[in-house]
Amino acid sequence: MTATGTFSRRTWAVLVLGLAGALAVQILVATGIGGERASIAISDLGGVAVIGMAAAVTIRTALRFGKGEPLQKQWLAIGAGITLYVLGDLVWTYIEVVQGLEPPFPGLPDIFYTSMYIFMGYGIVSAALAYRGLVRIKAAIIGSAAIAVVSGGAIYLVLLREVLADPEVGLLEKVLNVYYPLGDVLLLLAPAVFIVLVVAQLGRGALAVPWRLVVAGLAILAVADSVYQWMEWQGTYQTGSIVDLGWMIGYVLLAAGASVMRDLIAPARRSVR
Amino acid sequence: MAALMECVIEVLEPFVGRMVADTCVRATALSLGKSGDELESDDLPALESNVRRLLGPIAPRETVDAIILEIEGGIR
């Protein structure tokens, strides 16, 4: 997107290829082509390819900004978060596809998945705080805190109460079962609400658009994660489930947001020359 | 000099929206003890410095540079 309100060809390519890739993976898995093992391989490798593309686009955007620029730190943190998720998926894929085993929970992929939240949350919150000289952020902080408390309470009632009370669940498993949904609420959803309330004050300003795409992506990720947690707890999750599509689309939208922010550099360069 | 205020708002608006652009200019004027309409070309350095300070953390450096150039071009 430029200041005139149009997406660049690169941004369209990220959106169209990313979403088409995600849909193609899901359709191939749904057809069951090649049998169960092939479907699992397509789902795992497809996810790594689509989300890996999103990580590459985001990191490239971050590196496009000058060293020491606040935007570089913000997008590097988000890019690092996506990269950690891809690394987790790679380990998951290795265990499931190459070794032919059920990935353990808790297991090695969880180290990467849990780290993702910290980088992503840091990137979004620091981006929102960067607007503090320009817009009012107090109401946005209160709004996001309220959403976090309400969502946290709902998750406790629907999921965590049961998990914590189950005597057959080990301590580490309990910790992760609490960490993931709370991470979704505190480190993805609340920062997403925070930044969307901040950039809402920019109206049609072009600098709001990248963050709106990021927020759309984070919302989809938070929903996909919550559904996954619930399905996993009910024992109904299988690789290739519809939540896998949610993860891919969520990360593609983050990458599109990064690409839109990069687009905003172009008119400036033309003017300078 | 309402023209200066309008010019700066016009340059900033596509990036941060009308309301924030307006606030940005008025805040600078206030820090100089003036109203937005009283801003003069002598106040341009203070205005530019404020624009750079406020947009620096949220916009690409090259974009901020171009905005400053556009403001200067609009005034001259």
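Reference entry: report on the structure contained in this document. Values in this document were obtained by computation on a predicted structure and should not be read as measured data.

What follows concerns helix 3 (residues 70-98) of chain A. When the terminal C-alpha atoms of helix 3 of chain A are compared, their 41 Å separation across 29 residues agrees well with the 42 Å that a helix rising 1.5 Å per residue should span. G100 of chain A sits one or two residues past helix 3 of chain A and shows a positive phi near 70 degrees.

Residues and elements named next belong to chain B. Between helix 2 (residues 44-55) and helix 3 (residues 61-75), the least distance of the axes is 10 Å, while the angle of their chain directions is 155 degrees. Our classification of the angle between helix 2 and helix 3 gives roughly antiparallel. The element helix 2 and its partner helix 3 pack so that their crossing is right-handed. Counting all contacts with helix 2, which are made through L44, E48, V51, R52 and L55, the residues of helix 3 involved are V64, D65, I67, I68, I71, E72 and I75. When its residues are assigned to classes, the contact of helix 2 with helix 3 shows eight nonpolar, no polar and four charged.

The interface is formed by 19 residues belonging to chain B together with 27 residues belonging to chain A. When chain B packs against chain A, close to 2000 Å² is buried across both sides, 67% of that on carbon and sulfur atoms. Considering only the side of chain B, the residues that lose the most area to chain A are F15, I58 and E62 of chain B, jointly responsible for 31% of the buried surface there. Linking chain B with chain A are one salt bridge. With a closest N to O distance of 3.5 Å, E62 of chain B and R64 of chain A form a salt bridge. Applying the counting rule to chain B against chain A returns seven residue pairs in polar contact (both at pLDDT 80 or more). At the level of elements, helix 1 (2-31), helix 2 and helix 3 of chain B are the ones that each hand at least two residues to the side of chain B that touches chain A. Sorting elements by how many residues they give to the side of chain B that touches chain A places helix 1 of chain B first, with seven residues. Residue composition of the side of chain B that touches chain A, by class: 13 nonpolar, three polar and three charged.

What follows concerns the pattern of salt bridges. Pairing is possible between side chains of opposite charge, provided their charged atoms come close. For the structure on display, the rule yields eight salt bridges over all chains. The closest approach of N and O atoms between D263 of chain A and R10 of chain A, which form a salt bridge, is 2.4 Å. Of this pair, D263 of chain A sits in helix 8 (residues 242-263) while R10 of chain A sits in helix 1 (residues 9-31); the two residues are 253 residues apart in sequence, bridging distant segments of the chain. Bridged by salt links that share partners, the residues E6, E13 and R18 of chain B form one connected network.

Basis of the calculations
Residues numbered from 1 in each chain as written. Chains lettered and ligands numbered in written order. Predicted model: local features only at pLDDT ≥ 70, side-chain atom pairs only at ≥ 80, totals over all residues. Heavy atoms only, no water. Helix = DSSP H or I, 4+ residues; strand = E, 2+ residues; numbered from the N terminus. Expected span 1.5 Å × (residues − 1). Axes fitted to C-alpha atoms, helices over the stretch in contact; angles between N-to-C directions. Parallel < 35°, antiparallel > 145°, perpendicular 65-115°, else oblique. Left-handed = near helix turned anticlockwise from the far one by under 90°. Contact = heavy atoms within 4.5 Å. Nonpolar A, V, L, I, M, F, W, Y, C, P; charged D, E, K, R; others polar. Buried area = accessible area lost by both parts, 1.4 Å probe. Salt bridge = Lys/Arg side-chain N within 4 Å of Asp/Glu carboxyl O. Polar contact = N/O pair within 3.5 Å; in protein donor to acceptor, adjacent residues only side chain to side chain.

Taken by themselves, the reported measurements are silent on function.
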